[in-house]
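Overview (structure and organization)
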Amino acid sequence: MTVEIPDVTKSWPHAISAVTIGATADEGGTRTSTITVGGETTLPFYHFEGDMPHTPAIAMEIWDIEPDDWPDPIREPFAGVSGSPGIWAKACVDEFGTQAICLRLKGCDPNGANRSPEEAAAAAKAVIEAVGVPLIVWGCGNADKDNEVFPVVAEALSGENCLLGTITEDNYKTLTALGTAYGHKLIAESPVDINMAKQINILALDVGFPPENLLIYPSTGALGYGIEYVYSIMERLRIAGLKGDKVVAMPMLCDIGIEVWGAKEARAPESEVPGWGDVLQRGPMWEASTAIVYLLAGADLLIMRHPEAVRMTREMLGRLMGGSE
Amino acid sequence: MILIGERINAGFKDIAAAIREKDPTAVTKWAVAQAEAGADYLDVNIGAASRDPADMAWLVEVVQKAVPTKISVDSTKVDAVEAGLNAIDGRGCLINSTTAEPEKLEKLVPMAVEHNASLLGLAMDEQGSPQNVERRVENAAMIFMAAVEAGLPPERLFLDPILMPIKFMQEQAVNVLDAIEQFTHLSDPPPHISVGLSNIGNKVTERGRVIRTFLVMAMARGLDAAICDACDKELTAAVATAELVLNKEIYSDSYVRAFRMRQGT
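Residues numbered from 1 in each chain as written. Chains lettered and ligands numbered in written order. Predicted model: local features only at pLDDT ≥ 70, side-chain atom pairs only at ≥ 80, totals over all residues.

**Digging into the overall build of chain B**
- Along chain B, the regular secondary structure elements total 10 helices and eight strands.
- Expected size for 265 residues packed as a compact globule is a radius of gyration near 18 Å; at 17 Å, chain B falls within 12% of this value.
- Each principal axis of the C-alpha atoms in chain B carries an extent, and together these give about 45 × 40 × 35 Å.
- Relative to its 265 residues, chain B shows a buried fraction of 48%. (Helix = DSSP H or I, 4+ residues; strand = E, 2+ residues; numbered from the N terminus. Rg over C-alpha atoms; globule rule 2.2 N^0.38 Å. Buried ≥ 20, exposed ≤ 12 C-beta atoms within 10 Å, placed from the backbone.)

**Regarding the overall build of chain A**
- For chain A, the helix and strand inventory stands at 11 helices and 10 strands.
- For chain A, whose C-alpha radius of gyration is 19 Å, the value lies close to the compact-globule estimate of 20 Å for 325 residues.
- Viewed in the frame of its principal axes, chain A has a C-alpha envelope of about 70 × 55 × 35 Å.
- Here chain A, with 325 residues, has 51% of them falling under the buried criterion.
- Considering only contacts within chain A whose residues lie at least 6 apart along the sequence, 68% involve residues at least 24 apart. (Contact = placed C-beta atoms within 7 Å.)

**Description of the interface of chain A and chain B**
- Opposite the 13 residues of chain A that make contact, chain B presents 11 residues.
- With seven residues, helix α6 (residues 194–206) of chain A is the single largest residue contributor to the side of chain A that touches chain B.

**Quick look at the domain arrangement of chain B**
Residues and elements named next belong to chain B.
- Per the domain assignment, the segments of chain B are domain 1 (2–232) and domain 2 (233–265).
- In this structure, domain 1 and domain 2 have C-alpha centres spaced 22 Å apart.
- At the interface, 14 residues of domain 1 touch 12 residues of domain 2.
- Within the residue set of the side of domain 1 that touches domain 2, elements represented by two or more residues are α2 (25–37) and α8 (207–221).
- For the side of domain 1 that touches domain 2, the element with the most residues is α8, which contributes seven residues. (Domains from an automatic or database assignment.)

**What about the pairing of strand β4 (residues 93–98) of chain B?**
Residues and elements named next belong to chain B.
- Among the six residues of β4, six are classified as buried, and the element is accordingly described as predominantly covered.
- After leaving strand β3 (residues 70–74), the chain enters helix α4 (residues 78–87) and then returns to the sheet as β4, a path that is right-handed.
- Summarising the sheet, β4 and strand β5 (residues 118–122) pair through four bridges and their orientation is parallel. Bridging from a neighbouring strand, Thr-98 pairs with Gly-121 of β5.
- Between the parallel elements β4 and β5, the chain passes through helix α5 (residues 102–114) in a crossover that is right-handed. (Right-handed = clockwise from strand over helix to strand, strands pointing away. Pairing = 2+ DSSP bridges.)

**With respect to helix α11 (residues 307–320) of chain A**
Residues and elements named next belong to chain A.
- Over its 14 residues, α11 extends 20 Å from the first C-alpha to the last, a length consistent with the 20 Å expected when each residue adds 1.5 Å.
- Of all the residues in α11, the buried ones are Ala-309, Val-310, Thr-313 and Arg-314. Buried residues in α11, looked at end-on, bunch into an arc of 130°, giving them a common side.
- If you follow the buried residues of α11, they end up packed against β3 (57–63), α10 (279–297) and β10 (299–304).
- Directly after α11, the chain includes Gly-322, whose backbone phi takes a positive value near 105°. (Expected span 1.5 Å × (residues − 1). Arc of directions from axis to C-beta.)

**Examining the packing of helix α6 (residues 133–149) of chain B against helix α7 (residues 172–183) of chain B**
Residues and elements named next belong to chain B.
- α7 packs onto α6 with a crossing angle of 35° between their chain directions and a minimal axis gap of 9 Å. As α6 runs across α7, the sense of the crossing is right-handed. Together, Val-133, Arg-136, Val-137 and Ala-140 of α6 and Asn-175, Asp-178, Ala-179, Gln-182 and Phe-183 of α7 make up the contact between the two elements.
- Looking at the contact of α6 with α7, its residues break down into five nonpolar, two polar and two charged. (Axes fitted to C-alpha atoms, helices over the stretch in contact; angles between N-to-C directions. Left-handed = near helix turned anticlockwise from the far one by under 90°. Nonpolar A, V, L, I, M, F, W, Y, C, P; charged D, E, K, R; others polar.)

**Brief notes about the sheet that holds β3 of chain B**
Residues and elements named next belong to chain B.
- Around the barrel, which closes on itself, the eight strands sit in the order β1-β2-β3-β4-β5-β6-β7-β8 with parallel pairing between neighbours. Direction aside, neighbouring strands of the sheet carry axes that sit 25° apart on average.
- Here four bridges tie strand β1 (residues 2–9) to strand β2 (residues 41–45), and the two strands are oriented parallel to one another. Across the sheet, the residue bridging to Gly-5 is Leu-42, located in β2.
- Lying on the sheet, α4 is in contact with β2, β3 and β4; it crosses β3 at an angle near 160°.
- Most of the contacts of α5 go to β4, to which it runs at about 175°, and overall it touches β4 and β5.

**Comments concerning the nonpolar core**
- Counting residues in hydrophobic clusters, the biggest one holds 104 residues, and the most contacted among them are Ile-101, Ala-124 and Leu-215 of chain A.
- Excluding residues within four positions of it along the chain, Ile-101 of chain A makes contact with Ala-59, Met-60, Ile-62, Ala-89, Cys-92, Val-127, Val-131, Val-133, Leu-135 and Ile-136 of chain A. (Core = buried A, V, L, I, M, F, W, Y, C linked by C-beta atoms within 7 Å.)

**Concerning unusual backbone geometry**
- Cis geometry is found at the peptide bond from Asn-96 of chain B to Ser-97 of chain B, where omega equals 20°.
- Looking at where Ser-97 of chain B falls in the secondary structure, it is placed in strand β4.
- Backbone torsion omega between Asp-188 of chain B and Pro-189 of chain B reads 0°, so that peptide bond is classified as cis.
- As for its placement among the helices and strands, Pro-189 of chain B is situated in the loop between α7 and β7 (192–196).
- With a phi angle near 55°, Asn-161 of chain A is a residue other than glycine that sits in the positive phi range.
- Inspection of the secondary structure assignment puts Asn-161 of chain A in the loop between α4 (143–156) and β6 (163–167).
- For Lys-203 of chain B, which is not glycine, the phi dihedral falls at a positive 65°.
- With respect to the element layout, Lys-203 of chain B can be found in the loop between β7 and α8.

**Considerations on the packing of helix α2 (residues 85–94) of chain A against helix α3 (residues 117–130) of chain A**
Residues and elements named next belong to chain A.
- Where α2 contacts α3, the axes come no closer than 8 Å and their chain directions differ by 35°. Taken as a pair, α2 and α3 cross one another with a handedness that is right-handed. Listed contacts from α3 to Pro-85, Gly-86, Ile-87, Ala-89 and Lys-90 of α2 are Ala-123, Ala-126, Val-127, Glu-129 and Ala-130.
- Counted by class, the contact of α2 with α3 contains seven nonpolar, one polar and two charged residues.

**Focus on the environment of Thr-98 of chain A**
Residue and element names in this part refer to chain A.
- Residue placement: Thr-98 occurs in the loop between α2 and β4 (100–104).
- With 24 C-beta atoms counted inside 10 Å, the residue Thr-98 sits in the buried group.
- A C-alpha to C-alpha distance of 7.2 Å links Thr-98 and Ile-58, two positions 40 residues apart in sequence.
- Not counting chain neighbours up to four residues away, the residues in contact with Thr-98 comprise Ile-58, Ala-59, Met-60, Cys-92, Val-93 and Val-133.

**Description of the pairing of β5 of chain B**
Residues and elements named next belong to chain B.
- Across the five residues that make up β5, a large majority, five, are buried.
- Alternating residues of β5 divide into Ser-118, Leu-120 and Leu-122 and Leu-119 and Gly-121, and every residue in both groups is buried.
- As defined by bridge partners, β5 adjoins strand β6 (residues 157–160) across four bridges and the pair is classed as parallel. Bridge assignment links Leu-119 to a residue of β6, and that residue is Leu-157.
- In this region the chain leaves β5, passes through α6 and returns to the parallel neighbour β6; the handedness of that crossover is right-handed.

Written as structure tokens, this is what we have:
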């Protein structure tokens, strides 16, 4: 008896926009490489159905200050380089082959070191001068302070086509103006809320920011910490985008490292949680597992910390994109 | 919801004059206004102002120069439809319209297939407009079968149950609503279902209210297209809201703005 297997492939009427980060000398910047993410015409890794023209990218995260609250498993690989953004970035490129750097301006936090906009710009310049890969700059998260910091940072990085973030309903006006003036792309943030994810995009587009310059950051939860909520939001956003809702047809970004390395499962040494296994293995695996779940949800750009987690994720990504095992 | 902008029609004096004098100004103005308001298709109709198929080609060309929007080539005359299709520059287009009459189907269905066009079929036949649900469904099924047999897939077929003025044929509105629901059972996914929306408000004092309310009720029964005044902001706001209620769009505080942004970019 032959069984007819029905053809379940479908064609979607709309493509996700493709976003390029970084500008080479020809394009008015100084990057030696760029990354392009997005451009899908189908759901993640449905190669039988449509195109996924750009492999999702991974950026390694560094800070403008010494990351004192990072646990040992991720302090160790960066011993001697963390705290100095240029040197740290160069180690990520030279030793771990990262495609992009994400500089988090944690030092600007008014509840922490409260560094000045000029110091933040100096850190960003140090990274730009040290490496040729594209740069993502993530604010400290305090909207008022970010509104002071980004004008100086965005100007210092003028023409480099960086990715800056994040914009929220409260602070999109400053950053959209800076992105337009200095040629940068932006991350639109919402708090695990599909309606607000759509709303922030509408606000940014309504002031004239081009849709092809935006990435969606729907917030990220670590494995075990709400990952399924974010997953379903990302899936729904992607389906809506492919169906033709242009307001949400953008690539999506997940901030993996900061979430995972705050979780007990990644941090706690075996002495505290007997039976959980060696934290030096467990931590990176927790980060890689989280990352892979988000790739399946439709993530196009991941911000990650541990070199081993990056390596594992990259390997899985190669297989998902159709490479040999 | 697929909005087909009705304004470039020689039934309007400015368009009739534009066609007569070959002055593109009014046509361009309405093409831009309807496209900016969010129309998915622009209907172009030379009406009774002209018997010359070349006028249809001219109208199509003027619209194509003004905007990238898809075009609905609207004529009861087969030669005018063909002239319009021949002028299309490769963008999406819709033939508006055939009826269930065999001699029309024989010409217009193959024409749609050949030109990669969609086809709008009015659920009427040689006896004229249907007065009940059954006639509407029979005629729609006739058009549907002719399309499927010729290889025109349901997503390229629009069926119109024939909306009539509520002031003169009040009982027909509810028949149209029932027919819409029955059309949705023709296939899975169903063909598009469209009405000439403004008809229901003909000579009605509270025209806008009647049109909007009917549209929302019809959307709840399965209507997904309308030939209408795309520049009517109350109308498009009602469509945007109905799409939210039907869970076809993701809610956002600025959902009406999002609806109007869906074209372009």
